Number of protein chains: 2
Amino acid sequence: MEALLRAIKHFIPLSVSEEAIVAELFNSRRMAAGEHFLEEGKICRHVAFISSGLARYYMNVEGQEKTIGFNQEGEFISNFQSFVPAAPSNVSIQAVEDTELEVIGYDDLQNLYTQVRGGERFGRLAIEQVYLSSIEQLRSFYTDSPTARYQQFVAAYPGLVQRLPQYYIASYVGIKPQSLSRIRKRIAR
Amino acid sequence: MEALLRAIKHFIPLSVSEEAIVAELFNSRRMAAGEHFLEEGKICRHVAFISSGLARYYMNVEGQEKTIGFNQEGEFISNFQSFVPAAPSNVSIQAVEDTELEVIGYDDLQNLYTQVRGGERFGRLAIEQVYLSSIEQLRSFYTDSPTARYQQFVAAYPGLVQRLPQYYIASYVGIKPQSLSRIRKRIAR
């Protein structure tokens, strides 16, 4: 809970009584490696803060699993495209390691927005940040080579190269694992 | 100004005095077709509401112009990736038709967030909407064929097929204009 409060206070001040409200609205949950936070076809009804661990986002594209993103400790996970309109998700979210979460449901998030003085402001700033990172990903697909995309991944998530199976990273970059090996060798030289 | 107030009131209520604040913070501006709202390399310092007209977003990719998005009347334009951190933009925004805007600068938008009761809430809900459309675009690049991307474009912007040069649409879909002609003929059959 301490890490979550710090993450929120990065955006807005919280009084002691507001910290208690936050603690009341979020619930702790553990996921084992491989367990799903969200499965394709279901409605995403929660947002979670990762206290420790690592999750990946993936989709099925013509029968093939494509990894489209990662979140690690200190970040929020959700599929807003499913969460906001309460529509079936086209994305799955799965723990890659044993992961500890602080979870909040849709109605309780609306309560947080109204019961905490800076709640709406927190919502706006947090979603601005998520939005900027999504749009950077979109730009990258338009303009970057696989090598550039791999280098950006390493720069954005320096610790994750060791923590993730190489085929997840290759899928995220948009190439075959063999091609990723070649890129890594070329960069290492 | 009426259309802008309606757009804001789609998200939050506005009292008469708050309507006056909004009218004070936004300034009307006309752009001729071809004129730029934002040029690559400059910092995006404004958000604008399109009262009438049409704008496109484009980037230079290896010397080639790529159209990456459109906004029409009733929508907001900005490059948040430049606007929020005040960083040089990698995107240009250009009027495709003569366009009328209501424009607000960064500081005045912060004033709107604080001076209007539901200001932060408006900011959160508006950016949620923009974010959902960006992430849908991202998903589409991962998973959709050019034909599917064209059909989605037509579904999302039914009026724009007539208003846009075909090479902008082809660039947006990610194919050559000749391929787009073939796709259109196939769909028409």
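Nothing here was measured: the structure is a model prediction, and the numbers come from that model. Counting restarts for each chain, with residues numbered from 1 along the sequence as it is written. For this description, chains carry letters from A and ligands carry numbers from 1, given in the order in which they are written. Confidence filtering applies because this is a predicted model: local features only for residues at pLDDT of at least 70, side-chain atom pairs given and counted only at 80 or more, and all residues used for totals across whole chains, interfaces and linings.

### Quick look at the interface of chain B and chain A
Line of reasoning, step 1. Between chain B and chain A, the contact holds 25 residues from the first and 25 residues from the second.
Line of reasoning, step 2. With 17 residues, helix α5 (residues 119-143) of chain B is the single largest residue contributor to the side of chain B that touches chain A.
Line of reasoning, step 3. Note on residue classes: Ala, Val, Leu, Ile, Met, Phe, Trp, Tyr, Cys and Pro are nonpolar, Asp, Glu, Lys and Arg are charged, and everything else, Gly too, is polar. Looking at the side of chain B that touches chain A residue by residue, the classes come out as 12 nonpolar, six polar and seven charged. This entry defines residue contacts through backbone-placed C-beta atoms, with two residues in contact when those atoms are within 7 Å. Working definition: helices are DSSP H or I runs of at least four residues, strands are E runs of at least two. Numbering for both runs from the N terminus.

### Notes on α5(B)
Line of reasoning, step 1. Between the first and last residue of a helix there are one fewer steps than residues, each counted as 1.5 Å, and that sum is the expected span. For α5(B), which comprises 25 residues, the first-to-last C-alpha distance of 36 Å matches the rise-based estimate of 36 Å (1.5 Å per residue) to within 8%.
Line of reasoning, step 2. Think of it as a crowd count around each C-beta: if 20 or more other C-beta atoms lie within 10 Å the residue is buried, if 12 or fewer it is exposed, and in between it is partly exposed, with C-beta placed from the backbone throughout. Restricting attention to buried positions, one finds in α5(B) the residues B:Gly119, B:Glu120, B:Arg121, B:Phe122, B:Gly123, B:Arg124, B:Ile127, B:Tyr131, B:Ser134, B:Ile135, B:Gln137 and B:Leu138.
Line of reasoning, step 3. On the buried face of α5(B), the contacting elements are α3 (80-83) and α5 (119-143) of chain A together with α1 (2-9) and α4 (106-115) of chain B.

### Describing the sheet that holds strand β6 (residues 76-77) of chain B
In a beta sheet, neighbouring strands pair by backbone hydrogen bonds and run either parallel or antiparallel.
Residues and elements named next belong to chain B.
Line of reasoning, step 1. Read across the sheet, four strands follow the order β1-β8-β3-β6 without closing on themselves; strand pairing throughout is antiparallel. Each edge of the sheet is formed by a strand with only one pairing partner; in this case those strands are β1 (27-31) and β6.
Line of reasoning, step 2. Paired strands, in this sense, are two strands between which DSSP finds at least two bridges. As paired strands, β1 and strand β8 (residues 99-105) are joined by five bridges and run antiparallel to one another. In the sheet register, Ser28 faces β8, and the bridge partner there is Glu102.
Line of reasoning, step 3. Across the face of the sheet, α4 comes into contact with β3 (46-52) and β8 while running at roughly 75° to β8. Helix axes are fitted to C-alpha atoms over the stretch in contact, other axes to C-alpha atoms as well, and angles between N-to-C directions run from 0 to 180 degrees.

### Description of the sheet that holds strand β5 (residues 64-72) of chain A
Line of reasoning, step 1. If you walk across this open sheet you meet the four strands as β2-β7-β4-β5 (chain A), and the pairing is antiparallel. Lying at the two open borders of the sheet, with one neighbouring strand each, are β2 (36-38) and β5 of chain A. With strand direction ignored, the average angle separating the axes of adjacent strands in the sheet is 30°.
Line of reasoning, step 2. Pairing analysis gives eight bridges linking strand β4 (residues 54-61) of chain A to β5(A), with the strands arranged antiparallel. Note on β5(A): the bridge partner recorded for A:Tyr58 is A:Thr67.
Line of reasoning, step 3. Against the sheet, helix α8 (residues 166-173) of chain A makes contact with β4 and β5 of chain A, and its axis sits at roughly 100° relative to β5(A), the strand it touches most.
Line of reasoning, step 4. Together, β4 and β5 of chain A form the strand contacts of α5(B), whose direction differs from that of β4(A) by roughly 60°.

### A few points about unusual backbone geometry
Line of reasoning, step 1. In the Ramachandran plot, A:Ala86 falls in the positive-phi region, its phi being about 55° despite a non-glycine side chain.
Line of reasoning, step 2. By secondary structure assignment, the location of A:Ala86 is in the loop between α3 and β7 (92-95).

In short, geometric facts, not functional conclusions.
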